Amino acid sequence: MYEFLKVSTDGKVGTITLNRPDVLNAWHSPMRRELAAALEAMNADEEVRAVIMTGAGDRAFSAGQDLNETKSFDTERAREWVEEWRALYSAIRGMTKPLIAALNGVAAGSAFQVALQCDIRVGHAGSKMGQPEINSGIASTLGPWLMKEMLGLSRTIELTLTGRMMDGEECHHIGLIHHLVAADQVHAKAMEVAGELAEKPPVAMALNKRRFAEMTQPGFEDALAAGSRNQKEAYASGEPQRMMEQFFAEREKRKQNA
């Protein structure tokens, strides 16, 4: 049913695995559509009471946006891209069941944003997370809003402007990772947490989830509107295209020298 995901259930717990390990589970348009559909299907399944999201392999939850897709965007495609993210993020925000991120590795950029929109995050010391878009010439809007809600303005500014990645220890220290365990225990801990949440009263769970979505909806809409404006302006300048071409050229040079 899915080309870029693996989907399974174990009792009351559903698991969605991002499955493009050859590109560190980075997403493109087809994968985003599949993920939104899988989340909506899990949400509609009366047998499923909690959902885990994780990545294939042991290197990455997801490297975020596949730059092979975005390197040739024009201004109109950049605007459409933001709307594709709206659809996925709305599917996440519309979940009436708890969503647990099992961070088996790197969660960068939009993957960091997806992880922050999950209810509980389980990771290990190598679960690096951050908002490195600036290094690709991509403006950040939703990520800074999410970080400000969770971390405050000062740290949000530092992380956004530097684009640096945080390791699992730092993420745990500042509250972005709730459970820090050994790398080989991430899935087991996520299953434990999901199992506990699956036993909570489902109506109260759904009402709590809905209230959190209501409380944050104005900020979410503002961030997406800013994203549409900023991505259009950024791509009109040509800077993202230049930075991504530079990235691919440097990567190819490293391969040739290896």
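None of these values were measured; they are calculated from a predicted model. (Residues numbered from 1 in each chain as written. Predicted model: local features only at pLDDT ≥ 70, side-chain atom pairs only at ≥ 80, totals over all residues. Heavy atoms only, no water.)

Moving on, we get to the nonpolar core. Of all hydrophobic cores here, the largest spans 56 residues; its most connected members are L35, L39, M129 and L176. The element best represented in this core is helix 3 (residues 75–93), accounting for eight residues. Aside from chain neighbours lying at most four places away, what touches L39 is I16, M53, L88, A91, I92, M95 and L99. Among the nonpolar cores identified, the runner-up in size contains 14 residues, and A50, V122, A190 and A194 belong to it. (Core = buried A, V, L, I, M, F, W, Y, C linked by side-chain atoms within 4.5 Å. Buried < 20%, exposed > 50% of the residue type's maximum accessible area, 1.4 Å probe, protein only. Helix = DSSP H or I, 4+ residues; strand = E, 2+ residues; numbered from the N terminus. Contact = heavy atoms within 4.5 Å.)

On to the sheet that holds strand 6 (residues 106–108), then. If you trace the four strands from one edge of the open sheet to the other, you get 4-6-8-9, paired in mixed fashion. At either margin of the open sheet sits one strand with a lone partner, and together these are strand 4 (60–62) and strand 9 (165–166). Relative to strand 6, helix 4 (residues 110–117) is tilted by about 100°, and along the sheet it contacts strand 4, strand 6, strand 8 (129–130) and strand 9. (Pairing = 2+ DSSP bridges. Axes fitted to C-alpha atoms, helices over the stretch in contact; angles between N-to-C directions.)

This part covers the sheet that holds strand 2 (residues 13–18). Remark on secondary structure: sheet strands pair via backbone hydrogen bonds, oriented parallel or antiparallel. Taken in spatial order, the six strands line up as 1-2-3-5-7-10 in an open sheet, and their pairing is mixed. Edge positions in the sheet fall to strand 1 (5–10) and strand 10 (179–180), since each has one partner strand and no second. Bridge count for strand 2 against strand 3 (residues 50–55) is six bridges, and the pairing is parallel. The residue of strand 3 that forms the bridge with G14 is V51.

Below, the discussion takes up the environment of A107. Within the element layout of this structure, A107 appears in strand 6. Assessed through its relative accessible area of 0%, A107 is described here as buried. C-alpha of A107 to C-alpha of T15: the two residues are 92 residues apart in sequence and 17 Å apart in space. Sequence-distant contacts of A107, that is, excluding residues within four places in its chain, are made with F61, S62, F112, K128, M129, G130 and M165.

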